[in-house]
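Chain residues, written in single-letter form:
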Amino acid sequence: MALLPRRFLCFVLAQHFIAATACQEADYSAMIHHYCLKDFQHSMEGIGQRLWCDWDETVGTYGELTNCTALIAEKLDCYWPNRLVDEFFVAVHKQYFRNCSPSGRALHDPPNGVLCPFIVLPVLVTLLMTALVVWRSKRSEGIV
């Protein structure tokens, strides 16, 4: 029976120790916004809005943002990734990458020098085949 109070005491003390060393979410959120987001915003302004969807241009900056959130989580004894990190990155994506295609490349029409042959060639082949069929059908009418 003396063992039960001792286990209960260990359990109570362990709970207080875990609560004292647990992640302080408010501090973590404030720090990633103050340190990580500020640097990311500065880097993205340097890249220019036209190139935000170019993954080759943004991959370094995005990697630094990811590493910054992980480093702060480690220093504050927070798990990484966590709910706050997920919400943080969703907000970053909504602000910077909402108009980007999933492949990371901005979609646009090919140049006219490439597009025109792909349009003109099938039209000409269709007209040529139609003329050939009409010509062969008229030619065979006279032959019995």
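Definitions and limits used
- Residue numbering note: each chain is counted from 1, following its sequence as written.
- Only residues with pLDDT of at least 70 get local features here, since the model is predicted, and only at 80 or more are side-chain atom pairs given and counted; chain-wide, interface and lining totals rely on the full set of residues.
- Each side-chain value is derived from all of the structure's non-hydrogen atoms; neither hydrogens nor water enter the calculation.
- UniProt positions are given in the numbering used here, feature names are shortened, and annotations may be inferred rather than shown by experiment.
- Per the convention used, a helix needs a DSSP run of H or I reaching at least four residues, while a strand needs a run of E reaching at least two, with both numbered from the N terminus.
- Given the number of residues in a helix, its expected span is that number minus one, multiplied by 1.5 Å.
- One axis fitted to the seven residues ending at a residue, another fitted to the seven starting there: the angle between these axes is the bend at that residue.
- Only protein chains enter the calculation, and the probe is 1.4 Å; a residue is then buried if its accessible area is under 20% of its type maximum, exposed if over 50%, and partly exposed in between.
- Working rule for contacts: check all heavy atoms of both residues, and any pair within 4.5 Å makes them a contact.

As annotated in an unreviewed UniProt entry, the protein chain is Receptor activity-modifying protein 1 from Geospiza parvula. Under the Subcellular location (unreviewed entry) heading, UniProt states for the protein chain: "Cell membrane". For the record of the protein chain, the UniProt heading Sequence similarities (unreviewed entry) holds the text "Belongs to the RAMP family."

With 23 residues, helix 2 (residues 25-47) should cover 33 Å at 1.5 Å per step; its first-to-last C-alpha distance of 31 Å lies within 8% of that length. The largest bend in helix 2 amounts to roughly 35 degrees and is located at Leu-37. Every buried residue of helix 2 is accounted for by Tyr-28, Ile-32, Cys-36, Leu-37, Phe-40, Met-44 and Ile-47. For helix 2, the elements touching its buried residues are helix 3 (55-75) and helix 4 (83-96). In the segment just after helix 2, Gly-48 is the residue with positive phi, at about 95 degrees.

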